[in-house]
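# Remarks on the overall topology
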Amino acid sequence: MRLFMNLRDHGNTLRQAAAKTGFSTATAYRALQDPRPPSQKKPPRSRRRPDPLEAVWETEVVPILVAAPGLRAVAVLEELRRRHPEIDAGVRRTLERRIRLWRGLHGPAQDVMFRQIHPPGALGLSDFTDMADLGVAIAGGGLDHLLYHFRMPNSGFQNGHVILGGESFTALAEGLQNALFTLGGVPARHRTDSLSAAFRNLDAAAAQDLTTRYAALCQHFGMEPTRNNTGVAHENGAIESAHGHLKKTIADALLLRGSRQFDSLTAYRRFIDDIFGRHNAHRAKAIDIERASLAALPANRAVDFEEVLVHVTSTSAFVLRKVFYTVPSRLIGQRLRVRLYDDRLECFLGASPVLSLVRGRPDHASGRHSHVIDYHHIIHALRRKPMALRNLVYRDQLFPRPAYARAFDALLASRSDQSACKITVELLGLAHDNACEAELAQALNIELDAGRLPCLDILRERFRPNLARLPAVVIQSVSLGLYDELGTGRIGDAA
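So, a few notes on the structure that sits alongside this text. Bear in mind the structure is a predicted one, so any value in this text is a computation, not a measurement.

### Comments concerning the side chain of His149
- The topology assignment puts His149 in strand E4 (residues 146-151).
- A polar side-chain atom of His149 sits 2.4 Å from a polar atom in the side chain of Gln158.
- For His149, the residues in contact, after removing those within four places along its chain, are Leu125, Ser126, Asp127, Gln158, Asn159, Ile239, Ala242, His243, Leu246 and Phe276.

This is how it looks when you write it as structure tokens:
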């Protein structure tokens, strides 16, 4: 506008000044009549409705915000409506906008997030995330589990391990070592959260021991151990933010799979490994670049288990961490050296491994003991004492499949206790002897669904090994004189 007026003052015609300024002729005429810009010509917008917060904003809302800066707008509205029932709930959006504006002008300073540069090979991050809300089931039973999550923030390499128990040192040690050996190198530093969940309910000596073991684990790999402060999750933000993306990816993969049911824990772990494998394949170039900056792996893994000694009692079992485990009866009276991993127990007699057991967890809600029972361990003894089944403490956990428990209940309802126990024990013995646990369970379900009790003789005949199918193996004896000929070299000479 100023340029147009200057051109007019210097002798240009209206059309010339408009053309040089870029105005139309009509705009030029309007500018001559009123040279003010359009923003000054428009009258300020006036309020069309009365302010619903005018009576309470300065006297009540602002004092509330000053006293409690973090209070949500919906809580402020509830308090206002409690004091003034005449205030309509529809003013919520107005109140939210007004509070947001007030905080921008008068609110307290907020915490600032500082984005970090992560050089290649400098940092590896570990954390746990809860996976229970995905609804995964193993063999028909729900799986309440965590996922150990490892990430290299520079290249985006990720690895994970399904954790059946809570956060613990054994879970961290096993998951971390799996990740490092998959990565193929060791970063300079390793950061995890404060391990507060792993330290929970530990006395001072046990907590110090856990700290020492974590430091020894990092020293074994040549990493500097670091932790973020308790309750400050964003200090581990390079992996915390990745949790949400990871869980969405797993949820999408479950939907594409069409089922959340898995036949075994091994199958589910393989499913999780495939997801991480596809993720890392997309970042293969960046991961290869970062590998060049990693330190070499040690020759062996570090200790990722706890070791305790247990005594096998006359019950052919031992109790460890409020869990009752059965073992073969030949071990009664022995002291076993047990290595506790997150998902299993490895048992040794001296230096000799004797068996591996699934790790159980006590019922934390009730504080009661739980049982890990393998009927193969005790079936021979139970055959000699079948009535022990009637009031056995761990009878419900003894049955390997629901069909056997159904058969026992049906037999109890129709037969004497002695007969029901005898037949049920023999059914378990049949499954043990002929390795037909699943097939026998299916046959029992068919009989029970038809309203018939299982007939032991018929089932024995049905699952008896078919000797005709066994191959005839003929072993031809070799003359011992051939060994003498080999020693003298006569066979070769004859050839």
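Moving on from the model shown.
### A few points about the sheet that holds strand E13 (residues 344-349)
- Taking strand neighbours across the sheet as the criterion, the four strands line up as E9-E12-E13-E14 in an open arrangement whose pairing is antiparallel. Each edge of the open sheet carries a strand with a single partner, namely strand E9 (306-311) and strand E14 (352-358). Each strand axis lies, on average, 30° off the axis of its neighbour in the sheet, ignoring direction.
- Across six bridges, the pairing between E13 and E14 is antiparallel. Each residue of the ladder has a partner; that of Arg344, found in E14, is Val358.

### Overview of the nonpolar core
- By size, the foremost hydrophobic cluster in this structure holds 33 residues, and its most contacted members are Leu398, Tyr404, Leu440, Leu444 and Leu459.
- For this core, the elements supplying multiple residues, two or more each, are helix H14 (375-384), helix H16 (402-414), helix H17 (417-434), helix H18 (437-449) and helix H19 (456-462).
- Here this core gets eight residues from one element, more than from any other, and that element is H17.
- Apart from the residues within four sequence positions on either side, Tyr404 is in contact with Phe399, Leu427, Leu428, Ala431, Cys436, Glu437, Leu440, Ala441 and Leu444.
- Counting residues in hydrophobic clusters, the runner-up holds 25 residues, among them Tyr148, Ala179, Leu183 and Val186.

### A word on the environment of Thr21
- Residue placement: Thr21 occurs in helix H2 (residues 14-21).
- Spatially, the C-alpha atoms of Thr21 and Leu3 are 6.8 Å apart, while their sequence positions differ by 18 residues.
- Residues contacting Thr21, with those up to four places away along its chain left out, are Leu3, Phe4 and Leu7.
- Of the polar contacts made by the side chain of Thr21, one reaches the backbone oxygen of Ala17; its length is 2.6 Å.

### Quick look at the sheet that holds strand E8 (residues 261-262)
- Strand order in the open sheet formed by three strands is E3-E2-E8, with mixed pairing between adjacent strands. The open sheet has two edge strands with one neighbour each: strand E3 (141-142) and E8.
- Of the pairings in the sheet, the one linking strand E2 (residues 137-138) to E3 comprises two bridges and is antiparallel in character. What sits directly across from Ala137, in E3, is Gly142.

### Side note on the packing of aromatic side chains
- Tallying each qualifying case throughout the model produces 10 aromatic pairs.
- Here the aromatic rings of Phe128 and Tyr148 are separated by 5.7 Å at their centres, their planes lie at 65°, and the arrangement is edge-to-face. Separated by 20 residues along the polypeptide, Phe128 in strand E1 (residues 123-130) and Tyr148 in strand E4 bring together distant segments of the chain.
- Owing to a relative accessible area of 8%, Phe128 belongs among the buried residues under this scheme.
- Accessibility expressed as a relative area gives 0% for Tyr148, which makes it buried.
- Among the aromatic residues, those joined into a ring-pair cluster are Phe262, Tyr268 and Phe271.

### What to know about H14
- Among the residues of H14, those classed as buried are Tyr375, His377, Ile378, Ile379 and Leu382.
- On the buried face of H14, the contacting elements are strand E11 (323-326), E14, helix H15 (395-398), H17 and H18.

### Re the pattern of salt bridges
- Tallying each qualifying case throughout the model produces 26 salt bridges.
- We note a salt bridge from Glu307 to Arg339, for which the minimum N-O separation is 3.4 Å. On the criterion of sequence distance, the pair formed by Glu307 in strand E9 and Arg339 in strand E12 (residues 335-340) is long-range, its members being 32 residues apart.
- The partly exposed category is assigned to Arg339, whose relative accessible area is 23%.

What counts, and where the lines are drawn
Going along each chain's sequence as written, the residues are numbered from 1 onward. Reporting of local features is limited, given that this is a predicted model, to residues whose pLDDT is at least 70; pairs of side-chain atoms are given and counted only at 80 or more, and all residues count toward the totals for whole chains, interfaces and linings. The side-chain quantities take in all heavy atoms of the structure and omit both hydrogens and water. A run of H or I in DSSP becomes a helix once it reaches four residues, and a run of E becomes a strand once it reaches two; helices and strands are each numbered from the N terminus. In protein, a polar contact requires one atom able to donate a hydrogen and another able to accept it; more generally it is a pair of N or O atoms within 3.5 Å, and residues adjacent in sequence count only if both atoms are side-chain atoms. Whether two residues are in contact is decided by their heavy atoms, any of which lying within 4.5 Å being enough. In this description, strands pair whenever DSSP reports at least two bridges between them. Axis definition: a line fit to C-alpha positions, over the contact stretch in the case of helices; interaxial angles, taken between N-to-C directions, run 0 to 180 degrees. To form a nonpolar core, buried Ala, Val, Leu, Ile, Met, Phe, Trp, Tyr and Cys residues must be joined to one another through side-chain atoms within 4.5 Å. Whether a residue is buried, partly exposed or exposed follows from its accessible area with a 1.4 Å probe, protein chains only, as a fraction of its type maximum: under 20%, in between, or over 50%, in that order. The aromatic pairing rule takes the rings of Phe, Tyr and Trp, using the six-membered ring of Trp, and pairs them if the centres are within 6.5 Å, calling planes under 30 degrees apart stacked, those over 60 edge-to-face and the rest tilted. Criterion for a salt bridge: a side-chain nitrogen of Lys or Arg within 4 Å of a carboxyl oxygen of Asp or Glu.

Everything listed is a geometric property; what it means functionally is a separate question.
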